[in-house]
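Observations on the model geometry
Spelled out, the chains give:
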Amino acid sequence: MGDYKLVALDMDGTLLNEQSEISKENAEWIQRALDAGITVSFSTGRGFRSALPFAEQLKLETPMITVNGSEVWSRPHVLHKRTLLGPGYVRRLHELAMKHTGTWFWAYTTDEVYNLEKWIEAGTEIEDYHWLKFGYYTEDAPVRQRIYDEVAEWGALEITNSSPCNWEMNAQGITKASAIRELCKVMGIDMSQVVAVGDSLNDIAAIREAGLGVAMGNAQDAVKEAADAVTLSNNEHGIAEVLKRYVL
């Protein structure tokens, strides 16, 4: 049993089941952890607005990490730190998406999510927006590999995924781990007092650096290899199991 002070939870594929719901069991054990004085935080690739309803459902007043670490919130609606993705890169990422026809893409600004069907308004420039993250989704593995290879060659962005068929790009050095380090500074705790749980490549850095890194039963193999422990799947209340077994 470690002396854990912060539990950083990924959402999709981790806290949320396949129906994108928080199970009764998970909610109950999160409440027990909060009652025991442990900080439970979301650490997600989602933007703030799509993570917020779940924080409200759990009545969380704790910090939140959104868009893979590009935003760190002291508590819901109170922004602590934000790291933008340079518009020059967004332009190149968008051009790359257009080159691979049929590839779905999306891009987060501080206000909005743009995508293949809804790109920035006519008469505006990419430079007019504050960007946070760019993503691609394609089930065509060779195309996915070509996109990865090209972006990796720039040597200028963090490349992860939040499911086996996508890539997500953030500013260099920005990961869920960098955001958790920032929270540790604010909370006056050490990374060794953190439990990080997730299922995808965007969770690996945090899982490696946390005192206890846990992969979900449904996690990608690379995540399980990086983790200290593997819990049950997101459909079997894996988070409740982590809190019960390692934290409380």
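Reading the values: the criteria
- Residue numbers run consecutively from 1 along every chain, following the written order of its sequence.
- It should be noted that, the model being predicted, local features are given only for residues of pLDDT at least 70 and side-chain atom pairs only at 80 or more, the latter also being counted only at that level, while totals for whole chains, interfaces and linings use all residues.
- Note that water and hydrogens are dropped before the side-chain values are worked out from all heavy atoms of the structure.
- The numbering of helices and of strands both runs from the N terminus, where a helix is a DSSP run of H or I of at least 4 residues and a strand a run of E of at least 2.
- Contact definition: two residues touch when any of their heavy atoms are within 4.5 Å.
- For the exposure calls, accessible area comes from a 1.4 Å probe over protein chains only, and a residue counts as buried if that area is under 20% of its type's maximum, exposed if over 50%, partly exposed in between.
- Distance and chemistry together define a polar contact, namely a pair of N or O atoms within 3.5 Å, with one atom able to donate a hydrogen and the other to accept it when in protein, and with adjacent residues in sequence counting only for side-chain atoms on both sides.
- Note: two strands are recorded as paired if DSSP finds a minimum of 2 bridges between them.
- Inter-axis angles, ranging from 0 to 180 degrees, are taken between N-to-C directions of lines fitted to C-alpha atoms, where helices are fitted over the stretch in contact.
- Multiply 1.5 Å by the residue count of a helix minus one, and that product is the helix's expected span.
- It is the directions from the helix axis to the C-beta atoms whose arc is reported.

With respect to the environment of Met191
You can see Met191 is positioned in the loop between helix H5 (176-187) and strand S11 (194-198). As for Met191 and Ala210, which are separated by 19 residues in sequence, their C-alpha atoms are 5.3 Å apart. Non-local contacts of Met191, meaning those with residues more than four positions away in its chain, are made with Ala177, Ile180, Arg181, Cys184, Glu209, Ala210 and Gly211.

Brief notes about the side chain of Ser23
Positionally, Ser23 belongs in the loop between strand S1 (6-9) and helix H1 (24-35). Among the residues examined, Ser23 registers a relative accessible area of 12% and is labelled buried. Side-chain polar atoms of Ser23 contact the side chain of His237, separated by 2.9 Å.

As for the sheet that holds strand S4 (residues 71-75)
Strand order in the open sheet formed by 8 strands is S5-S4-S3-S2-S1-S11-S12-S13, with mixed pairing between adjacent strands. Each edge of the sheet is formed by a strand with only one pairing partner; in this case those strands are strand S5 (78-82) and strand S13 (229-230). Across 2 bridges, the pairing between strand S12 (residues 212-215) and S13 is parallel. Across the sheet, Ala215 pairs through a bridge with Val230, a residue of S13. On the sheet, helix H2 (residues 48-57) packs against strand S2 (39-43), strand S3 (64-66) and S4 and is oriented at approximately 145° with respect to S3.

Focus on helix H4 (residues 141-154)
Helix length check: H4, at 14 residues, gives a terminal C-alpha distance of 21 Å against a target of 20 Å (1.5 Å per residue), a fit within 8%. Every buried residue belonging to H4 is among Val143, Arg144, Ile147, Val151 and Trp154, and all of these are buried. Projected down its long axis, H4 shows its buried positions confined to an angular sector of 105°, all on one face. Residues of H4 that are buried in the fold lie against helix H3 (87-99), strand S8 (131-137), strand S9 (157-160) and strand S10 (166-171).

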